[in-house]
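These are the residues of each chain, in order.
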Amino acid sequence: YMILSIIVPVYQAKNTLCRCADSILSKRDIEFELILVNDGSTDGSRELCERYAQQDSRVLAVHQPNRGVSAARNRGILEAKGKYLLFVDSDDYVEPDYIQTLLDTAETYQEKYGHIWCNIQTVLHGYIKKPHFVSEESIQIFDRCDIMTLHELWMDASPCNKLYRKEVISANELIFPEDISLGEDLIFNLKYLDAEKNTGIVILSRPLYNYVREDRESLDNRYIPNLIQIYGRVHQELSDHLTRWEVGEDAWKKFYNICFYNYERILRNTFDKKNRQTSHEKYCENNQILSSQEFQTLLHERTCFVHPAYEKAYQIGKYQLVRILDSLTKLKKSFKRMEEIR
């Protein structure tokens, strides 16, 4: 009988894996297994995984051809023998009481609340930034119907701050989608929230998971060719679950706002320098998006602030106007900086 399996997908992680694995293996008074899934690394990570497995009987090193982080997590789930599962990314590290606190909370609350989450803090250039979720209480109780509130707090998407029951995952044949590279974690979590009969969510306010930003591309600085298809799928999954869970009007307002922000990302993504389309093709693509029924519905339903000039440009459906407004905004900021220097 194994109480816990901790799954770490490993790809080109030679420089960060030791920090990650050591933060987990420092806990010695609980029986658990650490599954290192090497996803076709070529930088020496494979050998590092094997060294950990040889030195510590709690470590299992698994190797597969490069198929992506979701495939690595899915392989870890297949290998796992624990009652509970935790996921940790090889770039990140955990607090000393990460394992103990999550397990203790599960034993205390899981008969009544099916989901045990902890807070996350971001580490950038060695400095710890404000946690994702701020509360004076040691724990906060939510329900899956509060998913859009949790989405706004950046608490729902990551699998790395959540304790999962292997039984629920296996019984419902849950897997991380392997055909997309964005939003796959949120889709998995939505399906898990749907599968677990106890819908309550306990969130530990103290950040136990350290998300390290160094060397990671954010959504704002990388080009994703099929971003509109990816967000379309994520929006559909969210919409389906919100409908099934019969959430209130406030949740739907937040849903429309999130979808609208995502569409703004899609529009900016089209004009990324790495997109090899011509300017004419880019404008045609974005004009088609602006004129679509879905975008115009979101523009009407959203309650988030949009500058009236941008709103008018969106309504007209000409992205050329949006680009002109962007240029004027940059010019205004430049003048302001010059005035401040003077």
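Quick caveat, the model's predicted, so the values are computed rather than measured. Per-chain numbering applies: the sequence of each chain, read as written, is numbered from 1 onward. Reporting of local features is limited, given that this is a predicted model, to residues whose pLDDT is at least 70; pairs of side-chain atoms are given and counted only at 80 or more, and all residues count toward the totals for whole chains, interfaces and linings. The basis for every side-chain value is the complete set of heavy atoms in the structure, and neither hydrogens nor water enter the calculation.

A. Layout of the overall build of the chain. Per the convention used, a helix needs a DSSP run of H or I reaching at least four residues, while a strand needs a run of E reaching at least two, with both numbered from the N terminus. Along the backbone of the chain there are 13 helices and 10 strands. The atom set for the radius of gyration is the C-alpha atoms, and the globule formula is 2.2 Å times the number of residues raised to the power 0.38. Radius of gyration (C-alpha) of the chain: 22 Å, near the 20 Å computed for a compact globule of 342 residues. When the backbone C-alpha atoms are referred to their principal axes, the chain occupies close to 65 × 45 × 45 Å. Per-residue burial over the chain gives 50% buried out of 342 residues. Of the contacts formed within the chain by residues at least 6 apart in sequence, a portion of 77% connects residues at least 24 apart. All accessible areas in this document rest on Shrake-Rupley with a 1.4 Å probe, and a residue is counted as covered only by the protein chains that are shown. When the accessible area of the chain is evaluated, it comes to approximately 17,700 Å², of which 50% is carbon and sulfur surface. When the 45 basic and 51 acidic side-chain charges of the chain are each reduced to a single mean position, those positions are 6 Å apart. Partly exposed residues are those whose accessible area sits between 20% and 50% of the maximum for their type, while under 20% is buried and over 50% is exposed, using a 1.4 Å probe and protein chains only. Throughout, a residue-residue contact means that at least one pair of heavy atoms, one from each residue, lies within 4.5 Å. For this count, His and the chain ends are skipped, Lys and Arg are scored as positive, and Asp and Glu as negative. All charge positions are set by atom: Lys at NZ, Arg at CZ, Asp at CG, Glu at CD.

B. Spatial organisation of the layout of surface pockets. The distinction between a cavity and a pocket rests on a 1 Å grid over the protein atoms alone: a 1.4 Å probe fits inside a cavity but cannot get out, while a pocket stays open yet meets protein on both sides within 12 Å along at least five of seven lines, and a residue with an atom within 4 Å of a point counts as lining. Grid points are joined across faces, edges and corners, and a volume is the space filled by probe spheres set on the points. Volume-wise, the second largest pocket comes out at about 690 Å³. Lining the second largest pocket are 23 residues, with Arg268, Tyr310, Tyr319, Asp326 and Lys330 positioned closest to its centre. For the lining of the second largest pocket, the elements supplying multiple residues, two or more each, are helix H9 (249-270), helix H12 (308-316) and helix H13 (319-341). With 11 residues, the top contributor of residues to the lining of the second largest pocket is H13. Taken together, the residues of the lining of the second largest pocket sort by class into eight nonpolar, four polar and 11 charged. Polar here means any residue outside two lists: the nonpolar Ala, Val, Leu, Ile, Met, Phe, Trp, Tyr, Cys and Pro, and the charged Asp, Glu, Lys and Arg; Gly therefore counts as polar.

C. Just the environment of Leu190, in detail. You can see Leu190 is positioned in helix H7 (residues 184-195). In the structure, Leu190 is positioned 106 residues away from Gln296 in sequence and 26 Å away in space, judged by C-alpha atoms. When near neighbours in sequence (up to four residues on either side) are disregarded, Leu190 contacts Ile147, Glu237, Leu238, His241 and Trp245.

D. Representation of helix H10 (residues 279-291). The terminal C-alpha atoms of H10 lie 18 Å apart, and with 13 residues this matches the ideal 18 Å at 1.5 Å per residue to within 8%. All buried positions along H10 are accounted for by Lys282, Tyr283, Asn286, Asn287, Ile289 and Leu290. Angular distribution of buried residues about the axis of H10 spans 155°; they occupy a single face of the element. The outward face of H10, more than 90 degrees from its buried face, is lined by the exposed residues His280, Gln288 and Ser291. What a helix is expected to span follows from its residue count: subtract one and scale by 1.5 Å. Arc, as used here, means the arc of the directions from the helix axis to the C-beta atoms.

E. The packing of helix H8 (residues 227-244) against H9, seen in detail. Each axis is a line fitted through C-alpha atoms, and for a helix only the stretch in contact is used; angles between axes span 0 to 180 degrees, taken between their N-to-C directions. H9 packs onto H8 with a crossing angle of 175° between their chain directions and a minimal axis gap of 10 Å. In this view, H8 runs roughly antiparallel relative to H9, as classed from their interaxial angle. Residue-level inspection shows Leu227, Ile228, Tyr231, His235, Leu238, Ser239, Leu242 and Thr243 of H8 in contact with H9, the latter providing Trp252, Phe255, Cys259, Asn262, Tyr263, Arg265, Ile266 and Asn269. Here the residues of the contact of H8 with H9 sort into 10 nonpolar, five polar and one charged. Here the word oblique covers every angle except those under 35 degrees (roughly parallel), over 145 (roughly antiparallel) and from 65 to 115 (roughly perpendicular).

F. Region of the structure containing the side chain of Lys162. Note that Lys162 resides in strand S9 (residues 162-165). There is no salt bridge for the buried Lys162, and the closest opposite charge comes from Asp156, which lies 6.5 Å off by N-O distance. Within the local environment of Lys162, its side chain forms a polar contact with the side chain of Asn161, the two groups lying 2.7 Å apart. Leaving out residues up to four positions away in the same chain, Lys162 has contacts with Leu85, Leu86, Ile116, Trp117, Met155, Asp156, Ala157 and Asn189. Any Lys or Arg side-chain nitrogen found within 4 Å of a carboxyl oxygen on Asp or Glu counts as a salt bridge. Polar contact is defined as a pair of N or O atoms within 3.5 Å, subject to the rule that within protein one atom must be able to donate a hydrogen and the other to accept it, and that residues adjacent in sequence are counted only when both atoms are side-chain atoms.

G. Geometry of the pattern of salt bridges. All told, the structure shown has 16 salt bridges when counted by the stated rule. For Asp89, the salt bridge identified is with Arg73, shortest N-O distance 2.8 Å. Placement of Asp89 in the loop between strand S4 (82-87) and strand S5 (93-94) and of Arg73 in helix H3 (residues 69-79) is noted, with a sequence separation of 16 residues between them. Here Asp89 and Arg73 have matching classes, each one buried. Where Arg302 meets Glu311, a salt bridge forms, and the shortest distance between an N and an O atom there is 2.9 Å. Given a relative accessible area of 24%, Glu311 falls into the partly exposed group. Taken together, the salt bridges that share partners define one network made up of Arg73, Asp89 and Asp185.

H. Just the packing of aromatic side chains, in detail. Only Phe, Tyr and Trp rings are paired, with Trp represented by its six-membered ring, and only when their centres lie within 6.5 Å; those with planes under 30 degrees apart are stacked, over 60 edge-to-face, the remainder tilted. Taken as a whole and assessed by the stated rule, the structure comprises 18 aromatic pairs. Taken together, a centroid distance of 5.4 Å and an interplanar angle of 85° make the contact between Trp252 and Phe255 edge-to-face. Pair noted here: Trp252 and Phe255 are both in helix H9, with a separation of three residues, about one helical turn. The exposure class of Phe255 is buried, given its relative accessible area of 6%.

I. Representation of the packing of helix H11 (residues 293-301) against H12. Interhelical geometry of H11 versus H12 gives an angle of 150° and a closest axis separation of 10 Å. As judged from the angle between their axes, H11 and H12 are roughly antiparallel. Where H11 crosses over H12, the handedness of that crossing is left-handed. Contacts between H11 and H12 involve Phe295, Gln296 and Leu299 from the first element and Glu311, Tyr314 and Gln315 from the second. A class-by-class count of the residues in the contact of H11 with H12 yields three nonpolar, two polar and one charged. Take the far helix as the reference: if the near one is turned anticlockwise from it by less than a right angle, the crossing is left-handed, and if turned clockwise, right-handed.

J. Representation of the state of the cysteines. When two cysteine sulfur atoms are found within 2.5 Å, that pair is recorded as a disulfide. All told, the structure shown has zero disulfides when counted by the stated rule. Here Cys49 is not disulfide-linked; the sulfur of Cys18 is the nearest cysteine sulfur, at 9.7 Å. Since its relative accessible area comes to 0%, Cys49 is described here as buried. Lacking any disulfide linkage, Cys160 is separated from the closest cysteine sulfur, that of Cys20, by 8.9 Å. On the basis of relative accessible area, Cys160 is assigned to the buried category, the value being 2%.

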